[in-house]
Structures are given as structure tokens and as C-alpha cells.
Amino acid sequence: MDGVTGGVQKRLKADMKLVGVEPKPYDFMFWTNLYMMVVAFVISVILGDFTQGLSYCLANADLWVLIIKFSLCSAIGQSFIFFTVAHFDPLVCSTVTTTRKIFSVLLSIFTKGHHLSLQGWAGVSLAIGGILSEVESKVSHTRALKAKVSM
């Protein structure tokens, strides 16, 4: 879904620019979360999981504190993501989130003593290589533009 979402957000930004409206990070965040909440609610009702989940939460009152903490952390993280999408490009956001995930994996390996298989290391190397090639492409493109302008 990330690939579809990025394309839709990019087109939405372009369409809004044509009518003279600049999207704000919290506009994207509100409408995305509202849509996801409605979809999750409908699916949970169809599958019959909503009442069971609600009953479990009501029976375990100490769970609400954890849910609220998780929601706050999620909202803070989403604020950064939607800020990036609104002010830059979905591709930049994808690069930032992928880089963060790679650093999380590496931090977990080096600080917690977790281990990766050879295939896991190949995946991490591939992801790092992709990010580095994207950065190199942007840098060389910027240099070419600057050289063209200074001529």
C-alpha cells in the first residue's frame, strides 16, 4: 500500500497546487487516519472481532494506559512522516522511513546482540545500497544543474 499511497499523495499535492491550496501535514494525517479508522472498524465488525476486542479492553482496564501511550507515540511519529510528505515528496519520505528502519535493525543487532542470517545481511546491504544510490543520483543531478546554470 505504501507505493499506492505515495503516488496518490503526490497527485493530491499537485491537484491542490493547481487550485492554489497548500496541503498541511495535519490535513494529510487527519484524512488518512479517518479513512483507516473507518476501514478498520468496518472490517472488524464484518469479521465479528469488534465486540470481542472491546469486551477484552473493558475487562482489562490497565490496558487503556498502554493503548494511550501507543497512540501518543504513533501520533508523534506520524507527525514527522506527514510533515515530510507535505513539505517534500513521498519518495523523500520513503527514503527517510527506510533509513530509519535500517538503523533500527542495525541498532538492535549491535546493542541487543541479535543475529542476522546471511540472507538478512544481504537484505540490509541491498537496502543500504539502494539508499546510497538514490543519494548519489540526487547529488549528481544537483551538481549537473548547478554546472548548467553557472555556464
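In short, a report on the structure. (Residues numbered from 1 in each chain as written. Predicted model: local features only at pLDDT ≥ 70, side-chain atom pairs only at ≥ 80, totals over all residues. Heavy atoms only, no water.)

### Brief notes about the side chain of S44
So, point 1. The residue S44 is located in helix α2 (residues 25-47) in this model.
So, point 2. Given the relative accessible area of 17%, S44 is considered buried.
So, point 3. The residues contacting S44, other than those within four sequence positions of it, are D49 and F50. (Helix = DSSP H or I, 4+ residues; strand = E, 2+ residues; numbered from the N terminus. Buried < 20%, exposed > 50% of the residue type's maximum accessible area, 1.4 Å probe, protein only. Contact = heavy atoms within 4.5 Å.)

### What to know about the packing of helix α5 (residues 90-112) against helix α6 (residues 118-150)
So, point 1. As a packed pair, α5 and α6 sit with axes 11 Å apart at the nearest point and diverge in direction by 140°. The element α5 and its partner α6 pack so that their crossing is left-handed. Across the interface between the two elements, L91, V92, T95, T98, T99, I102, V105, L106, I109 and F110 from α5 touch W121, V124, A127, I128, I131, E134 and K138 from α6. (Axes fitted to C-alpha atoms, helices over the stretch in contact; angles between N-to-C directions. Left-handed = near helix turned anticlockwise from the far one by under 90°.)

### Quick look at the environment of A14
So, point 1. Mapped onto the elements of the fold, A14 is located in helix α1 (residues 2-18).
So, point 2. On the basis of relative accessibility, which here comes to 39%, the residue A14 falls in the partly exposed class.
So, point 3. When the C-alpha positions of A14 and T111 are compared, they lie 43 Å apart, and in sequence the two are 97 residues distant.

All quantities given are derived from atomic positions and should not be read as evidence of function.
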